[in-house]
Amino acid sequence: DETATTVTVTATSKADSSKSASRTVTITATPAINSVTVSPETAEVVKGKTQQFTATVDKTGEIADTVKWSVNSTKSTISDTGLLTVGSDETATTLTVTATSTADKTKSGTATVTVKKVPVYYITVNNGKVTDGAGNSLLAVQEGSEIIFTANEPETGKRFKEWTGLDGVEFVDDTSKTSSTAKIKMPARAVTATAVYEDAPNANPAKPTISVNGTYT
């Protein structure tokens, strides 16, 4: 329970108490791990996504301040640097991330992770249909899914002009909003697409007027 940081040790001659020698001793605390904390303490992570954690080790004296990371799941993993990857097939709704001191395994810190389902976004299409690459009709898909909009056949005298509602989306396979069959990557929002038509050129050509003057026999 010594509180001083230095003490003086003195050796005095028994034969001559006037003769002595002294040395100063520096007192250092016994090396110890005081605590481990994990940051952030709570997190929400979507299945298939990652979250970086960091550990802070409070220690006394010269002692290793490294930690070993673990997560209580067989479907999710965490790296030696604290990067958590939540499995796309994770079934747990809550995970516990633990950082344990390598110098004192009785000292550890934890964080709680809420596992979120992968969000899906709804699709509405007017004057057409939306499908996946296999031709299956779609109502909602995950962000990044490739979907195909196909416009209905135009009425007589009309032709396809463009899709509205697809501004700002990423088109793929050299398609665009002016393609009657357009392929996009689903953004992180709901999409409402409408096929717009316009008059076809020369759909109703003007009939010529013929005038006949004179007398024929």
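Each remark here, short or long, concerns the structure printed above.
Residues numbered from 1 in each chain as written. Predicted model: local features only at pLDDT ≥ 70, side-chain atom pairs only at ≥ 80, totals over all residues. Heavy atoms only, no water.

1. Considering the pattern of salt bridges
Consideration 1: Under the criterion given, the structure shown has 7 salt bridges.
Consideration 2: Ionic pairing is found between Glu-198 and Arg-159, a salt bridge with its closest N-O pair at 2.8 Å. With Glu-198 in strand E19 (residues 191–199) and Arg-159 in strand E16 (residues 158–164), the pair connects residues that are 39 residues apart, well separated along the chain.
Consideration 3: The class of Arg-159 is partly exposed, set by a relative accessible area of 40%.
Consideration 4: Lys-177 is the salt-bridge partner of Asp-167, the closest N and O atoms lying 3.8 Å from each other. You can see Asp-167 sitting in the loop between E16 and strand E17 (170–172) and its partner Lys-177 sitting in the loop between E17 and strand E18 (181–185), a full 10 residues away along the chain.
Consideration 5: A relative accessible area of 55% means that Asp-167 is categorised as exposed.
Consideration 6: Through salt bridges with shared partners, one network takes in Glu-146, Asp-173 and Lys-183. (Salt bridge = Lys/Arg side-chain N within 4 Å of Asp/Glu carboxyl O. Helix = DSSP H or I, 4+ residues; strand = E, 2+ residues; numbered from the N terminus. Buried < 20%, exposed > 50% of the residue type's maximum accessible area, 1.4 Å probe, protein only.)

2. Concerning the sheet that holds strand E9 (residues 83–85)
Consideration 1: Taken together, 3 strands build an open sheet; the order of strands is E5-E9-E8 and the sheet is antiparallel. Each edge of the open sheet carries a strand with a single partner, namely strand E5 (50–52) and strand E8 (77–78).
Consideration 2: Where E5 meets E9, 3 bridges bridge the pair, whose relative direction is antiparallel. Bridging across to E9, Gln-51 finds its partner in Leu-84. (Pairing = 2+ DSSP bridges.)

3. Here's the deal with the sheet that holds strand E12 (residues 120–126)
Within a sheet, adjacent strands bond to each other through the backbone by hydrogen bonds, running parallel or antiparallel.
Consideration 1: In spatial order, the strands read E14-E12-E19-E16; together these 4 strands make up an open sheet with mixed pairing. Here the strands that pair on one side only, and so sit at the sheet edges, are strand E14 (140–142) and E16. Strand-to-strand twist across the sheet, computed as the mean angle between neighbouring axes with direction ignored, equals 30°.
Consideration 2: Summarising the sheet, E16 and E19 pair through 6 bridges and their orientation is antiparallel. Residue pairing across strands places Phe-160 opposite Tyr-197, the latter belonging to E19. (Axes fitted to C-alpha atoms, helices over the stretch in contact; angles between N-to-C directions.)

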